[in-house]
Amino acid sequence: VLISPNQNNRIPNIKDMEDYLIKTVRKAVKNWWVSLLIGIICIAFGVWCLATPLETFLALTMLFVAGFLVTGIFEIAFSISNRESLHGWGWTLAVGIVDVVFAIILMANPAIAPAVLSYFIIFWLMFQSFWGIGAAIDLSKYQNSSWGWLLAIAILGLILSGILLFQPIISGIMASYLLASIFIVYGVFRILLSIKLKSLNK
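With that out of the way, let us pick up helix α6 (residues 147-164). The end-to-end C-alpha separation of α6 is 26 Å, in line with the 26 Å expected for 18 residues at 1.5 Å each. When α6 is considered as a whole, its buried residues turn out to be L151, A154, G157, S161 and L164. Axial view of α6: buried residues confined to an arc of 150°, hence all on one face. α6 presents W149, L156 and I163 as exposed residues on the side facing more than 90 degrees away from its buried surface.

Laid out in structure tokens, this is it:
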């Protein structure tokens, strides 16, 4: 089908995409202060997380419970809407129901939700450590020079997860500090980006 250049629905060419890209970059450079504002907010939030690790952990717990609830609802809706075309839709439905029920139990018993999240983090770290040990051993078969470091890190992770099993509250505090670090690092990045954008704008 031949499409005339005068038609509104014509296929965009490279020149159109270049013009769009230039306009987008110019807009970002002109609004450099937006990146600065985002950076300041992220750093402030990260500092707040560092100063209040327990409150941060409780907020993470609420997100954890909400995540199970939302995921379960979407899984139920997905399985029901695709029950005629998806052979294993019953398993997806069952998993969605379990997620919703689990979220409701945690919402009905908010005192146990932080402990559940702590053990969830611990067992996730333990699983990743076992996976890391296996991956390092596989790399050693190919005479990869970095497999020893990977094995050592994975073993340290496994030891840490074993220690956290007896002190689960520490895993929650570690998660709070990790979240704070992520926000602070991202905030610094956005501030540095805003400085570069401001110089480009000049």
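Turning to a nonpolar patch on the surface, a few remarks are in order. Taken together, the side chains of L54, L160, I169, I170 and M174 make up a nonpolar region of the molecular surface, amounting to roughly 400 Å² of accessible area. With three residues, helix α7 (residues 168-201) is the largest single contributor of residues to the nonpolar patch. Mapped onto the secondary structure, L54 falls in helix α3 (residues 53-81). Since its relative accessible area comes to 49%, L54 is described here as partly exposed.

Scanning the model with the defined rule gives seven aromatic pairs in all. On the basis of an interplanar angle of 70° and a centroid distance of 4.7 Å, the ring pair of F45 and F183 is categorised as edge-to-face. Of this pair, F45 sits in helix α2 (residues 32-51) while F183 sits in helix α7, placing them 138 residues apart in sequence. Judged by relative accessible area, which is 34%, F45 ranks as partly exposed. On the basis of an interplanar angle of 80° and a centroid distance of 6.5 Å, the ring pair of F68 and F120 is categorised as edge-to-face. On the criterion of sequence distance, the pair formed by F68 in helix α3 and F120 in helix α5 (residues 113-141) is long-range, its members being 52 residues apart. By the ring-pair criterion, three or more aromatic residues cluster together here, those being F64, F68, F102 and F120.

With eight residues, the main nonpolar core is built from F57, F64, V65, F68, A103, L106, A113 and L117. Counting residues per element, this core draws most heavily on α3, which supplies four residues. Ignoring any residue separated from it by four or fewer positions in sequence, one finds V65 in contact with A103, L106, M107 and A113.

Turning our eyes to something else, we now look at the confidence of the model for the protein. Caution applies to low-pLDDT regions: their predicted coordinates should not be interpreted in detail. Across the protein, the average pLDDT comes to 82, with 86% of residues at or above 70. Of all the helices and strands in the protein, helix α1 (residues 14-30) carries the lowest mean pLDDT, 69, while α2 carries the highest, 90.

Turning our attention to the environment of F78. Along the chain, F78 turns up in helix α3. Separated by 14 residues in sequence, F78 and T92 place their C-alpha atoms 8.1 Å apart. If sequence neighbours within four positions are ignored, F78 has contacts with L86 and T92.

On to α5, then. Each α-helix turn comprises 3.6 residues. Residues three or four places apart therefore point the same way. Taking 1.5 Å per residue, 29 residues should reach 42 Å; α5 reaches 43 Å between its end C-alpha atoms and fits that length. Those residues of α5 lying buried are A113, P114, L117, S118, I122, M126, S129, G132, I133 and A136.

The next subject is the side chain of S129. Tracing the sequence through the fold places S129 in helix α5. A polar side-chain atom of S129 sits 3.5 Å from the main-chain carbonyl oxygen of G157. Reaching out from S129, the side chain makes a polar contact with the backbone nitrogen of L158 at a distance of 3.1 Å. Apart from residues no more than four positions distant in its own chain, S129 is found in contact with A154, G157 and L158.

This part takes up the side chain of S79. Counting through the fold element by element, S79 comes out in helix α3. For S79, a relative accessible area of 0% gives the class buried. Here the side chain of S79 touches I76 through a polar contact of 2.8 Å, landing on its backbone oxygen. Every residue in contact with S79, bar those within four places of it in the chain, is listed here: W89, T92 and L93.

What counts and what doesn't
- Residues numbered from 1 in each chain as written.
- Predicted model: local features only at pLDDT ≥ 70, side-chain atom pairs only at ≥ 80, totals over all residues.
- Heavy atoms only, no water.
- Helix = DSSP H or I, 4+ residues; strand = E, 2+ residues; numbered from the N terminus.
- Expected span 1.5 Å × (residues − 1).
- Buried < 20%, exposed > 50% of the residue type's maximum accessible area, 1.4 Å probe, protein only.
- Arc of directions from axis to C-beta.
- Patch = residues over 30% accessible without salt bridge, like charges linked within 9 Å, V, L, I, M, F, W, Y side chains within 5 Å.
- Areas by Shrake-Rupley, 256 points an atom, 1.4 Å probe, with all protein chains shown as cover.
- Salt bridge = Lys/Arg side-chain N within 4 Å of Asp/Glu carboxyl O.
- Phe/Tyr/Trp six-rings, centres within 6.5 Å; stacked < 30°, edge-to-face > 60°.
- Core = buried A, V, L, I, M, F, W, Y, C linked by side-chain atoms within 4.5 Å.
- Contact = heavy atoms within 4.5 Å.
- pLDDT = per-residue confidence, 0-100.
- Polar contact = N/O pair within 3.5 Å; in protein donor to acceptor, adjacent residues only side chain to side chain.

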